[in-house]
Amino acid sequence: MVALMALAGLVCGHRIRALADTYAPPAGAPGAGVELVTAAVAALTAWRMGLPYVPFAVIGVALAVIDWRTTILPDALTLPAYPITALALWPTGELPRALAGAAALTALYGLLWFARPEAMGLGDVKLAGLIGLNAAAAGWPAWVAAAFAGQALGALYALALLATRSGTRHTQFPFGPFMLMGAFIVLCLDG
């Protein structure tokens, strides 16, 4: 099953790269990086968490690539991801907890956005709900860890920018990839 998910990830990665290119072409020469990352993420997710989590992982790669290139998490991808991943999670029997986790993490990130709208976009708030949906399906400890993992990774990146003098305290960067990477790491370690 893992090999099959890796193959599916390669195919999905090709479509993700094409979709990301419609938002913003890559800065350098196109390569197979998106395809390979999607294949690895799909295979690792299937192995560690199971098939119900693969749609979230693949959609997460697409959102991360687009956000990194454009600093936009498009509603056209984020919003349909909710019913897609909820349907995938249905067989786990954890959908009620997953929906509660989605609402709770959306509310938490909504408060963060309300407190400092210049530091976070509404796309991040919508993405938080998607992360909360999938993390809570794995359990409340995974939800808590996923909620904070993205913040920690984003803070580490900001510190690296400061340490290398590549940025200042006011440097803006896309936060979605760090949220998704944190959730992915937590879910794979939890599985």
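Rules behind the numbers
- Within each chain, residues carry numbers counting from 1 in the order of the written sequence.
- pLDDT decides what is reported in this predicted model: residues at 70 or higher carry local features, side-chain atom pairs at 80 or more are listed and counted, and totals for whole chains, interfaces and linings draw on all residues regardless.
- As a convention, hydrogens and water are excluded, and side-chain values are obtained from all of the structure's heavy atoms.
- Numbering of helices and strands runs from the N terminus; a helix is a DSSP stretch of H or I covering at least four residues, while a strand is a stretch of E covering at least two.
- Each residue's exposure class comes from its accessible area (1.4 Å probe, protein chains only) as a fraction of the maximum for that residue type: buried when under 20%, exposed when over 50%, partly exposed otherwise.
- Note on definitions: a residue-residue contact is assigned when non-hydrogen atoms from the two residues lie within 4.5 Å.
- Patch members must show over 30% relative accessible area and no salt bridge, and they are joined within 9 Å when carrying like charges or within 5 Å when they are nonpolar side chains of Val, Leu, Ile, Met, Phe, Trp or Tyr.
- Calculation of accessible area relied on Shrake-Rupley with a 1.4 Å probe; when residues are assessed, cover is drawn exclusively from the protein chains displayed.
- Counted as salt bridges are all cases of a side-chain nitrogen of Lys or Arg within 4 Å of a carboxyl oxygen of Asp or Glu.
- Only buried residues count toward a nonpolar core, which is a set of Ala, Val, Leu, Ile, Met, Phe, Trp, Tyr and Cys residues joined through side-chain atoms within 4.5 Å.
- Counted as positive: Lys and Arg. Counted as negative: Asp and Glu, with His and the chain ends omitted from the count.
- Under the rule applied, a polar contact is a pair of N or O atoms within 3.5 Å (in protein, one hydrogen donor and one hydrogen acceptor; residues adjacent in sequence only if both atoms are side-chain atoms).
- Every helix has an expected span of 1.5 Å times one less than the residues it contains.
- The angle between two axes is taken between their N-to-C directions and runs from 0 to 180 degrees, where each axis is a line fitted to C-alpha atoms and a helix contributes only its stretch in contact.
- Any angle that is under 35 degrees is reported as roughly parallel, and any over 145 degrees as roughly antiparallel; angles of 65 to 115 degrees are reported as roughly perpendicular and all others as oblique.
- Crossing handedness: left-handed means the near helix sits turned counterclockwise from the far one by under a right angle, and right-handed means the same turn made clockwise.
- In this classification, the charged set is Asp, Glu, Lys and Arg, the nonpolar set is Ala, Val, Leu, Ile, Met, Phe, Trp, Tyr, Cys and Pro, and all remaining amino acids, among them Gly, are polar.

J.: Looking at this structure, I do not really get the environment of P177. What am I missing?
T.: Mapped onto the secondary structure, P177 falls in helix α8 (residues 176–190). P177 sits in the buried class, given a relative accessible area of 10%. What P177 contacts, discounting residues up to four positions off in sequence, is A64, D67 and W68.

J.: Please clarify how a nonpolar patch on the surface should be interpreted in this entry.
T.: Taken together, L4, L7, L10 and L36 make up a surface patch of nonpolar side chains, about 400 Å² in accessible area. Among the elements that line the nonpolar patch, the one with the most residues is helix α1 (residues 2–23), at three residues. Residue position: L36 is located in helix α2 (residues 33–48). Of the residues examined, L36 reaches a relative accessible area of 55% and is grouped as exposed.

J.: Explanation requested: the nonpolar core in the structure shown.
T.: Soluble globular proteins: nonpolar side chains tend toward being buried together. Residues L63, Y109, L127 and I131 are the most contacted members of the largest nonpolar core, which totals 52 residues. At the level of secondary structure, the elements contributing two or more residues to this core comprise α1, α2, α3 (54–70), α4 (75–89), α5 (95–115), α6 (122–138), α7 (140–163) and α8. Tallying contributions element by element places α3 first for this core, with 11 residues. Setting aside residues no more than four positions away along its own chain, I131 makes contact with F56, L105, A146, M179, L180 and A183.

J.: Quick question: what am I supposed to make of unusual backbone geometry here?
T.: Excluding glycine, most residues fall at negative phi; most peptide bonds, likewise, are trans. Phi angles above zero are rare outside glycine, and T71 is one such case at about 60 degrees. Given a relative accessible area of 54%, T71 falls into the exposed group. The backbone of R165 shows a phi angle near 60 degrees, a positive value even though the residue is not glycine. Along the polypeptide, R165 turns up in the loop between α7 and α8. R165 gets classed as exposed once you look at its relative accessible area, which sits at 76%.

J.: Sorry, what's going on with the side chain of D67 here?
T.: Turning to its location among the elements, D67 is positioned in helix α3. For the buried D67, no salt bridge exists, and the shortest N-O distance to an oppositely charged side chain is 11 Å, to R69. Within the local environment of D67, its side chain forms a polar contact with the backbone nitrogen of G176, the two atoms lying 2.9 Å apart. Among all residues touching D67, those that are not within four sequence positions of it are I72, L73, D124, P174, F175, G176 and P177.

J.: Quick question: what am I supposed to make of α7 here?
T.: Along an α-helix, residues three or four positions apart point the same way, because every turn accommodates 3.6 residues. Helix length check: α7 (24 residues) gives 35 Å between terminal C-alpha atoms against 34 Å at 1.5 Å per residue, within 8%. Taken together, the buried residues of α7 touch α5, α6 and α8. Note on α7: the residue one or two positions beyond its end, R165, has a positive phi of about 60 degrees.

J.: Looking at this structure, how should I read the packing of α5 against α7?
T.: Two packed helices can be described by the angle between their axes and the distance between those axes. Two elements in contact, α5 and α7, have axes whose closest approach is 11 Å; the angle formed by their N-to-C orientations is 30 degrees. Overall, the two elements α5 and α7 adopt an arrangement that is roughly parallel. For the pair α5 and α7, the crossing hand works out as right-handed. Here R97, A100, G101, A104, L105, Y109 and L112 of α5 lie close against α7, whose contacting residues are W140, W143, A147 and Q151. Partitioning the contact of α5 with α7 into residue classes produces eight nonpolar, two polar and one charged.

J.: Looking at this model, I keep getting lost on the environment of A146. Mind explaining?
T.: Its location among the elements puts A146 in helix α7. Expressed as a C-alpha distance, the spacing of A146 and L105, which sit 41 residues apart in the sequence, is 9.8 Å. Discounting residues that sit within four places of it in the chain, A146 has contacts with I131, A135, A183 and V186.

Function cannot be inferred from these measures alone, as they are strictly geometric.
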